[in-house]
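Coordinate analysis (summary)
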Amino acid sequence: MNNEVYVIGRDSAPQYLRLEAGEERSVTLVFLPGATGRHVLEVDLVGPGASLDLAGLYLCPGDEQLDLRLLVRHSVGGCVSRQLFKGLVGGTARASFDGLVYVAQDAQKTQAFQENHSILLSDAARVESRPQLEIYADDVQCSHGATTGYLNPDELFYLRSRGIPEAEARRLQMVAFLAPVLRRLPEPLIEEIHACLS
Amino acid sequence: MNNDVLLEIKGLHARVEDKEILKGVDLTIRRGEVHAVMGPNGAGKSTLGAVLAGRPTFEVTAGSVRYDGRDLLAMSPEERSWAGLFLSFQYPVEIPGVSITNFMKAAVSARRKAQGLPELTPAEYLKLLKEKMAFVQMKGEFARREVNVGFSGGEKKRNEIFQMAMLEPTLSILDETDSGLDVDALRIVAEGVNRLRTPETAAIVITHYQRLLEYIVPDVVHVLKDGRIVKTGGRELVDRIEEKGYESIDE
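What you see is a predicted model; the values in this text were computed from it and never measured.

1. Considerations on the overall build of chain B
Regarding its fold elements, chain B presents 7 helices and 12 strands. Taken over the C-alpha trace, chain B has a radius of gyration of 18 Å; the compact-globule value for 251 residues is 18 Å, and the two agree within 12%. Along the three orthogonal principal directions, the C-alpha set of chain B runs to about 55 × 40 × 40 Å. With 251 residues in all, chain B has 44% of them scored as buried.

2. Thoughts on the interface of chain A and chain B
Taken together, the 16 residues of chain A in the interface contact 20 residues of chain B. At the level of elements, α1 (153-161) and α2 (166-182) of chain A are the ones that each hand at least two residues to the side of chain A that touches chain B. Its residues assigned to classes, the side of chain A that touches chain B comprises 8 nonpolar, 2 polar and 6 charged.

3. A short note on the sheet that holds strand β4 (residues 59-67) of chain B
All names here are of chain B. With antiparallel pairing, 4 strands are arranged side by side in an open sheet as β2-β1-β4-β5. Edge positions in the sheet fall to β2 (19-30) and β5 (70-71), since each has one partner strand and no second. Taken together, the 2 bridges between β4 and β5 define a ladder with antiparallel strand orientation. By the bridge assignment for β5, Y67 is matched with R70. In the packing of helix α1 (residues 45-53) onto the sheet, contacts are made with β1 (5-16), β2 and β4, and the angle to β2 comes to roughly 70 degrees.

4. Remarks on helix α5 (residues 153-167) of chain B
Residues and elements named next belong to chain B. The terminal C-alpha atoms of α5, which comprises 15 residues, lie 22 Å apart, in line with the 21 Å expected from a rise of 1.5 Å per residue. With 12 of 15 residues buried, α5 lies mostly within the body of the structure. Of all the positions in α5, only K156, K157, R158, N159, E160, I161, F162, Q163, M164, A165, M166 and L167 are classed as buried. Buried residues along α5 sit in contact with β6 (85-88), α3 (100-114), α4 (122-135), β9 (171-175) and α6 (183-195).

5. Quick look at α1 of chain B
Residue and element names in this part refer to chain B. When you tally the buried positions in α1, you get 9 out of 9 residues, the bulk of the element. For α1, the full list of buried residues reads K45, S46, T47, L48, G49, A50, V51, L52 and A53. Immediately downstream of α1, the backbone of G54 shows phi near 95 degrees, a positive value.

6. Points about the pairing of strand β9 (residues 111-120) of chain A
Residues and elements named next belong to chain A. Of the strand pairs in this sheet, strand β7 (residues 80-89) and β9 are connected by 10 bridges, and their pairing is parallel. Note that in β9 the partner of L88 across the bridge is I119. By the bridge criterion, 9 bridges tie β9 to strand β11 (residues 141-149) in an arrangement that is parallel. Bridging from a neighbouring strand, F113 pairs with S143 of β11.

7. Description of the sheet that holds strand β6 (residues 65-74) of chain A
Residue and element names in this part refer to chain A. The sheet built from 5 strands is open, its strands ordered β2-β4-β6-β8-β10 with parallel pairing. Two strands bound the open sheet, and with one partner strand each, they are β2 (16-19) and β10 (126-135). Between one strand axis and the next, the sheet turns through 10 degrees on average, direction left out of account. As judged from the 9 bridges shared by strand β4 (residues 37-45) and β6, these two strands associate in the parallel manner. Across the sheet, residue D44 finds its bridge partner in β6, namely R73.

8. Brief notes about the nonpolar core
Ranked by size, the top nonpolar core spans 121 residues in total, and within it F31 and A95 of chain A together with L52, F103, A107, I173 and V205 of chain B carry the most contacts. It is α2 of chain A that contributes the most residues to this core, 8 residues altogether.

9. Structural notes on the packing of α2 of chain A against helix α3 (residues 187-197) of chain A
All names here are of chain A. α3 packs onto α2 with a crossing angle of 150 degrees between their chain directions and a minimal axis gap of 10 Å. One way to sum up the angle between α2 and α3 is to call them roughly antiparallel. Where α2 crosses over α3, the handedness of that crossing is right-handed. Taken together, the residues of α3 that come into contact with α2 (itself represented by R171, M174, V175 and L182) are I190, I193, H194 and L197. In terms of residue class, the contact of α2 with α3 is built from 6 nonpolar, 1 polar and 1 charged.

10. Topic: the confidence of the model for chain B
All names here are of chain B. In this model, chain B carries an average pLDDT of 92, and 98% of its residues clear a pLDDT of 70 or more. By mean pLDDT, the top-scoring element of chain B is helix α2 (residues 77-82) (98), and the lowest-scoring one is α6 (86). The ipTM value of the predicted complex is 0.94, and its pTM value is 0.89.

Conventions adopted
- Residues numbered from 1 in each chain as written.
- Chains lettered and ligands numbered in written order.
- Predicted model: local features only at pLDDT ≥ 70, side-chain atom pairs only at ≥ 80, totals over all residues.
- Helix = DSSP H or I, 4+ residues; strand = E, 2+ residues; numbered from the N terminus.
- Rg over C-alpha atoms; globule rule 2.2 N^0.38 Å.
- Buried ≥ 20, exposed ≤ 12 C-beta atoms within 10 Å, placed from the backbone.
- Contact = placed C-beta atoms within 7 Å.
- Nonpolar A, V, L, I, M, F, W, Y, C, P; charged D, E, K, R; others polar.
- Pairing = 2+ DSSP bridges.
- Axes fitted to C-alpha atoms, helices over the stretch in contact; angles between N-to-C directions.
- Expected span 1.5 Å × (residues − 1).
- Core = buried A, V, L, I, M, F, W, Y, C linked by C-beta atoms within 7 Å.
- Parallel < 35°, antiparallel > 145°, perpendicular 65-115°, else oblique.
- Left-handed = near helix turned anticlockwise from the far one by under 90°.
- pLDDT = per-residue confidence, 0-100.

Shown next, in the form of structure tokens:
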């Protein structure tokens, strides 16, 4: 499956997707430092067997006010949607994530998964994560999860005890955290993101 | 044997939050020596290792530590590593998303940079990695695995010894490296440690049991109880503890 990558503010990213029967879309949204404001994406799964694989990565090290609004609607049964959003939030930045997965009454055998994980890099940074499931069908497989935390201090000490300088150790931890989304990106963009982390 | 003092600990006190754990530790280690630090649970053995490696959780409230002529307590954990100190963790940390290869590459590069040595070429690094993996009998796919993720207890400890071999420390501190190991893994670990013994290097083997000391024979044995070294002797001390327990060791 072809993975579409959109760097917000640089590429023109879709705000609406409609997936017909059997259609498969893999989409990755990248919010580099400086990306700010509201970003909306609505997806309608309207034909059986449609599959959405959506991921996102946000880097907010400064004073960004990022507001992500995602709506995935399963109108018919037998469709799959997966969402994974990961981000690093530092400085005085604020990132909010609103993700609604809606499963209509007739959309039996729906599989819908949504995850949002953030790492806070400063005391003043804020993350609000609101994943929501609205399910009207009874034979579905759905889950959502959200975590917000800090870089693990035990990992950091372990890395430093092997001679990896603190800044480099933190960078390794950040890259590791973002790895599931980074894997979906082309090499030049990965390098650009690595450069943002150091 | 070179009789230079490598490590000199004087009156070391350390606490975590409000709890004082080390209450005045004195310990001198010379190059070429292996010291065992034994003691009951909660005596402060692991704290001693952690404080020497610079774990930020612990606060040193009094005392001094000289390492190779330098003030160890003034150095960051990474500087201690560059200066040749190595702690084998009792509970090695899992780092999802970081491969062993990348982890060790970052460690080796940082150390060489700190020592003013040129970076290894990819081929040189690969050669070093393979050589050290063979040293602890690790197979090829090991290098690609995420650090300690899904490792068995024995694999985690072998990974510690592998890292030790990669970094060729001057002072190795093995914190309960024997806990949770079957005999085969214990032998691999002990052989690894013994092959790294040189007249220039030293080791501190922290252990609750005598088992590891059948394989790594110490020159000096210390008993740590309630944050202090209460007894120092030779190998006969190990037998006495084995026979009569820690209760038999009085201050």
